[in-house]
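# Descriptive analysis of the structure
The primary structure of each chain is shown beneath.
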Amino acid sequence: MTTPDLNLLIALDVLLAEGNVARAAQRLQLSASAMSRALARLRETTGDPLLVRAGRGLVPTPRALELREKVAQLVQDAQAALSPTETVVLSRLERTFTLRTSDGFVENFAPHLIARIAQEAPGVRLRFVQKINRDSTELRDGRIDLETGVIGESTSPELRVQALFRDRFIGVVRADHPLCQGEMTAARYASGRHILVTRRGTDKGPIDERLGLIGLTREIVTMVGGFSNALALARTSDLIASVPERHTGNLRAGMFSFALPLPPLEFTVSLIWHPRLQADPAHRWLRTCVREICGGETEHKSEAHGVP
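Residues numbered from 1 in each chain as written. Predicted model: local features only at pLDDT ≥ 70, side-chain atom pairs only at ≥ 80, totals over all residues. Heavy atoms only, no water.

### Looking at the overall build of the chain
Across its full length, the chain holds 10 helices and 11 strands. Taking 2.2 N^0.38 as the reference for a compact globule, 308 residues should give roughly 19 Å; the C-alpha atoms of the chain span a radius of gyration of 32 Å, well beyond that estimate. Viewed in the frame of its principal axes, the chain has a C-alpha envelope of about 105 × 40 × 25 Å. Looking at the chain residue by residue over its 308 residues, the buried ones come to 41%. For the chain, restricting intrachain contacts to residue pairs at least 6 apart in sequence, the fraction spanning at least 24 positions comes to 73%. Of the roughly 17300 Å² of accessible surface on the chain, a fraction of 52% belongs to carbon and sulfur atoms. In the chain, the 39 positive side-chain charges and the 35 negative ones have mean positions that sit 5 Å from each other. (Helix = DSSP H or I, 4+ residues; strand = E, 2+ residues; numbered from the N terminus. Rg over C-alpha atoms; globule rule 2.2 N^0.38 Å. Buried < 20%, exposed > 50% of the residue type's maximum accessible area, 1.4 Å probe, protein only. Contact = heavy atoms within 4.5 Å. Areas by Shrake-Rupley, 256 points an atom, 1.4 Å probe, with all protein chains shown as cover. Lys, Arg positive; Asp, Glu negative; His and termini not counted. Charge placed at Lys NZ, Arg CZ, Asp CG, Glu CD.)

In structure tokens, the structure reads:
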């Protein structure tokens, strides 16, 4: 079966609207002969004369009358599909976005993000889900709209990425812990009893590697799957939690935080999304909101003692 020339739909739409070859040609900026050839092809394709002479003008056949509204709608839909995306009207936007975030993001950034969303687009809802791995399948198939995290070797190269902020690991203990007093040294830090945060079940992490370089080891008493759990344990015990500073700002309230007496353990937290949503106006607006909420705290300094 031969594929029809869809350009003929535009010619047919204008011919049926004008009822005149010359005017149709002028409207489409074609010569009269080119318009006549288009009409001839339309007649051949549809098997109907479409427009027949009546006196000095042309009148549509029953088949042409049947096609007129349908063709006009097809052309209108095609033009809309191929036109640039319109600006989204936030006050009328109704949509649920799913964000996959790392531990601590909801506690520290979501309240401000939700407040902004409610003010600008009250019909929008945010659904936060836990980030248990770095598999990009859910971004690819549309189950996740936006993700925050650290880019690694397993991150799919097709994904779009934009840096949000820099973060670093710090130490945290309860307010009356012995480490609250005196100078913090690597030996003093390592001599304490520690909580290790790990999602992969490993018994060592980057901090242990840095301690090993200077001949020190630390005693890991327990392992947990998230930073909020680590801080909850440290708050009511003598254990030391080592957590990201910016991700845990609210969770550390009332506790003593200190800079690790080691070479800085810093990393970049990024915004991640699939390229199929790159030009979506509502998604672009959400990305802007997240960037500005997180970026608004770029100059954030911990109020806790010991953290510069």
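### Describing the packing of aromatic side chains
Inspection of every chain in the model, using the stated rule, returns six aromatic pairs. With centroids separated by 6.1 Å and ring planes inclined at 65 degrees, the aromatic side chains of Phe169 and Phe227 adopt a geometry described as edge-to-face. Placement of the pair is Phe169 in strand S6 (residues 160–173) and Phe227 in helix H9 (residues 227–235), with a sequence separation of 58 residues. On the basis of relative accessible area, Phe169 is assigned to the partly exposed category, the value being 22%. If you follow Arg246 out to its NZ or CZ, it ends over the ring of Phe165, 4.1 Å from the centre. Its guanidinium or amino end placed over the ring of Trp273, Arg287 lies 4.4 Å from that ring's centre, counting from NZ or CZ. (Phe/Tyr/Trp six-rings, centres within 6.5 Å; stacked < 30°, edge-to-face > 60°. Lys NZ or Arg CZ within 6 Å of the ring centre and 35° of its normal.)

### Notes on the packing of helix H5 (residues 105–120) against helix H10 (residues 281–295)
Contact geometry for H5 and H10: axes closest at 10 Å, N-to-C directions at 130 degrees. One way to sum up the angle between H5 and H10 is to call them oblique. Between H5 and H10 lies a crossing of right-handed hand. Where H5 approaches H10, its residues Phe105, Phe109, His112, Leu113, Arg116, Ile117 and Glu120 are matched on the opposing element by Trp285, Leu286, Cys289, Val290, Glu292, Ile293 and Cys294. (Axes fitted to C-alpha atoms, helices over the stretch in contact; angles between N-to-C directions. Parallel < 35°, antiparallel > 145°, perpendicular 65-115°, else oblique. Left-handed = near helix turned anticlockwise from the far one by under 90°.)

### Focus: unusual backbone geometry
Positive phi outside glycine occurs at Gln29, with the angle close to 60 degrees. Topologically, Gln29 is positioned in the loop between helix H2 (21–27) and helix H3 (32–46). For Gln29, a relative accessible area of 73% translates into the label exposed. Here Leu50, not a glycine, exhibits a phi torsion of approximately 65 degrees, which is positive. Considering the arrangement of structural elements, one finds Leu50 in the loop between H3 and strand S1 (51–54).

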